[in-house]
Amino acid sequence: GMLWVWGDAASTAAEAEAALPLPISPLLRQLCERSPAAGFQRDLPYGYELLGENLLDVSHLPFSHHGVGGLAREAGGSLELRPLPPSPPAPGAARFSAAGLQP
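Nothing here was measured: the structure is a model prediction, and the numbers come from that model.

I keep staring at the overall build of the chain and nothing clicks. Help me out?
Across its full length, the chain holds 4 helices and 2 strands. Across the chain, the fraction of contacts at a sequence separation of at least 24, relative to all contacts at a separation of at least 6, is 8%. For the chain, the exposed surface amounts to about 9300 Å²; the carbon and sulfur share of it is 61%.

Structure below.
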């Protein structure tokens, strides 16, 4: 799936959105033209706080999206999460530190 977030509530956001086409692959576009039920769009007017919470809190999936894609409330529960080991920075990439940006 693809999630497109337009994070601008300015009065000119609608014009800017209309002028900027979504980056949809030709394969996905063909699939949606052949079978419109294969893709859908939903506009949800809510703030970035709720969006961030929903994207980061995967434990809500079996409860809030019960019956979608095989999700079931009975499968819900606590999730054991652990941080991934740090990966080396890409060559030439900037790093953040307490002192600020470092090359």
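Honestly, a nonpolar patch on the surface in this entry has me stumped. Any pointers?
A surface patch of nonpolar side chains, amounting to about 370 Å² of accessible area, comprises Val 58, Leu 61, Leu 79 and Leu 81. Along the polypeptide, Leu 79 turns up in the loop between α4 (61-64) and β1 (95-97).

Help me understand the confidence of the model for the chain in this model?
A low pLDDT score tells you not to read the predicted coordinates there in detail. For the chain, per-residue confidence averages 75 on the pLDDT scale, and residues scoring 70 or more make up 79% of the total. Ranking the helices and strands of the chain by mean pLDDT puts α4 first, with 83, and strand β2 (residues 100-102) last, with 45. Note on residues 98-103: pLDDT is under 50 here. Beyond four places in sequence and across chains, it has 9 contacts.

Looking at this structure, how should I read the side chain of His 60?
Along the chain, His 60 turns up in the loop between α3 (48-56) and α4. Within the structure, His 60 has its side chain in polar contact with the backbone oxygen of Asp 57 (distance 2.4 Å). Discounting residues that sit within four places of it in the chain, His 60 has contacts with Asn 54 and His 65.

In this structure, what is going on with the environment of Gly 77? I would like to understand it.
In this structure, Gly 77 sits in the loop between α4 and β1. Residues Gly 77 and His 60 lie 17 residues apart in sequence; the distance between their C-alpha atoms is 9.2 Å.

Thresholds, definitions, all that
- Residues numbered from 1 in each chain as written.
- Predicted model: local features only at pLDDT ≥ 70, side-chain atom pairs only at ≥ 80, totals over all residues.
- Heavy atoms only, no water.
- Helix = DSSP H or I, 4+ residues; strand = E, 2+ residues; numbered from the N terminus.
- Contact = heavy atoms within 4.5 Å.
- Areas by Shrake-Rupley, 256 points an atom, 1.4 Å probe, with all protein chains shown as cover.
- Patch = residues over 30% accessible without salt bridge, like charges linked within 9 Å, V, L, I, M, F, W, Y side chains within 5 Å.
- Salt bridge = Lys/Arg side-chain N within 4 Å of Asp/Glu carboxyl O.
- pLDDT = per-residue confidence, 0-100.
- Polar contact = N/O pair within 3.5 Å; in protein donor to acceptor, adjacent residues only side chain to side chain.

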